[in-house]
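One-letter residues, chain by chain:
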Amino acid sequence: MNRARTIAVDGPAGSGKSTIGKLIADTYGYTFLDTGALYRAITLAAIRHHVCPGDAEALAELARETRVCIEPPDQGEKVWYHVRLDGEDVTSQIRSPEVDRHVSEVSSHPSVRAVLLERQREIARSGPSVLVGRDIGTVVLPDADLKLFLTATVEERARRRYRDMARAGKDVSFEWVLEDVERRDEADRNKGEYSLRVAEDAVVVDTTGRTPEQIVAELRPWIVGE
Ligand code: DC
């Protein structure tokens, strides 16, 4: 078995996709692409241009016209990547509550997804890469060399999100976060052909109660092809 060139990481919100995808990328020398950041950047552009999150055509047009770049950070920087929207660094703005509120609807339109699909494939073609999202192994890279599908209990996922939000100084209750995670799961399940699905040939990993390091160590044979 050869070393995996493209790695698809899918799973619900809070399952550990980004943490594990990033750790794999850093450990084994892959480009890391968090595809949710692309949907978030287009959502931010829509808010700024007053495009309604339900207007599929206007959003697709906006996605075609908007230049979104994901760039690696400089050494020593805390962020995992920089997101640029037509040149402007919007790395923190794409995590705003307003973007959170609308991104699920914006990403539900097939016309928007079609524009971003090509961009994701271009990045995967450019070199060894780990792509993290919801439909990477099923739609974006159906021929990925390694497909991971991560899961964790809803309580564990809410706990992780609550911890991250508390660290970022956000004043929310655990109950609110739990409800929010459940609401997102529901939205992700209802995206028709783009609903969150486990690819037939995916390795399913339950991350509940385990550290990212333990999980990545366990996945080593699949990554390096031993
Ligand atoms: O992973 P995230 O929370 O940053 O994702 C933001 C939104 O984008 C979320 O509603 C799921 C959606 N998304 C998607 O539909 N397809 C992807 N490949 C990645 C994210």
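Look above for the structure.
Enquirer: Outline the packing of aromatic side chains, listing residues and values.
Expert: Between two aromatic rings, the relevant description is the distance of the centres plus the angle of the planes. One pass over the full model with this rule turns up three aromatic pairs. For the ring pair F32 and Y81, a centre distance of 6.1 Å and an interplane angle of 40 degrees mean the geometry is tilted. Residue F32 is found in strand β2 (residues 31–34), and its partner Y81 is found in the loop between β3 (68–71) and β4 (82–85); the two are separated by 49 residues along the sequence. One exposure class covers both F32 and Y81, and it is buried. A ring pair is formed by Y162 and F174, whose centres lie 5.9 Å apart and whose planes are at 90 degrees; its orientation type is edge-to-face. Of this pair, Y162 sits in helix α7 (residues 154–167) while F174 sits in helix α8 (residues 174–189), placing them twelve residues apart in sequence.

Enquirer: Give me the pairing of strand β7 (residues 146–151): which residues, what numbers.
Expert: A large share of β7 lies buried, amounting to five of its six residues. Pairing analysis gives four bridges linking β7 to strand β8 (residues 203–206), with the strands arranged parallel. Its bridge partner being in β8, T151 is matched across the sheet by D206.

Enquirer: Give a description of the sheet that holds β2 that names residues and reports values.
Expert: Sheet architecture is open: five strands sit in the order β2-β6-β1-β7-β8, paired in parallel fashion. Only two strands of the sheet have a single partner each, and these edge strands are β2 and β8. Between one strand axis and the next, the sheet turns by 20 degrees as a mean value, whatever way the strands run. When β2 meets strand β6 (residues 129–133), the two strands line up parallel, connected through four bridges. Note on β6: the bridge partner recorded for D34 is V132.

Enquirer: Outline the sheet that holds β3, supporting the account with residue identities and numerical values.
Expert: Across a sheet, paired strands are connected by hydrogen bonds in the backbone, their directions being either parallel or antiparallel. Judged by pairing direction, the sheet is antiparallel, and its three strands sit side by side in the order β3-β4-β5 without closing on themselves. Strands at the two margins of the open sheet, each flanked by one partner only, are β3 and β5 (88–89). Of the strand pairs in this sheet, β4 and β5 are connected by two bridges, and their pairing is antiparallel. Across the sheet, the residue bridging to L85 is E88, located in β5.

Enquirer: I'd love a proper account of the site of the ligand, names of residues and values included.
Expert: T35, R40, R113, R134 and K191 are the nearest of the 15 residues found near the ligand. A distance of 3.0 Å separates a nitrogen atom of the ligand from a polar atom in the side chain of T35. In this structure, an oxygen atom belonging to the ligand sits 2.8 Å away from a side-chain N or O atom of R113. Counting only elements with at least two residues in the shell around the ligand, the list comes to α2 (36–48), α4 (97–106) and α8. At three residues, α2 tops the list of elements feeding residues into the shell around the ligand. Each residue belonging to the shell around the ligand can be placed in one class, and the counts come to two nonpolar, five polar and eight charged.

Parameters at a glance
- Sequence order as written defines residue numbering, which begins from 1 separately in each chain.
- Whole-chain, interface and lining totals are the exception, using all residues; otherwise, since this is a predicted model, local features are given only for residues with pLDDT of at least 70 and side-chain atom pairs are given and counted only at 80 or more.
- The basis for every side-chain value is the complete set of heavy atoms in the structure, and neither hydrogens nor water enter the calculation.
- Working definition: rings of Phe, Tyr and Trp (its six-membered ring) pair if their centres are within 6.5 Å, and the pair is stacked with planes under 30 degrees apart, edge-to-face with planes over 60 apart, and tilted otherwise.
- Secondary structure counts use DSSP, requiring at least four H or I residues in a row for a helix and at least two E residues in a row for a strand, with both numbered from the N terminus.
- Each residue is assigned to one of three classes by its accessible area relative to the maximum for its type, calculated with a 1.4 Å probe on protein chains only: buried under 20%, partly exposed between the two thresholds, exposed over 50%.
- Pairing between two strands requires that DSSP report at least two bridges joining them.
- Here, axes are lines fitted to C-alpha atoms. For helices the fit covers the stretch in contact, and angles between N-to-C directions go from 0 to 180 degrees.
- Near, as used in this document, describes a residue that has one of its heavy atoms within 4 Å of the molecule or strand being considered.
- Throughout this description, a polar contact denotes any pair of N or O atoms lying within 3.5 Å of each other; where both atoms belong to protein, one of them has to be capable of donating a hydrogen while the other can accept it, and for residues adjacent in sequence the pair is counted only when both atoms sit in side chains.
- Only Asp, Glu, Lys and Arg are considered charged, only Ala, Val, Leu, Ile, Met, Phe, Trp, Tyr, Cys and Pro nonpolar, and every remaining residue, Gly among them, polar.

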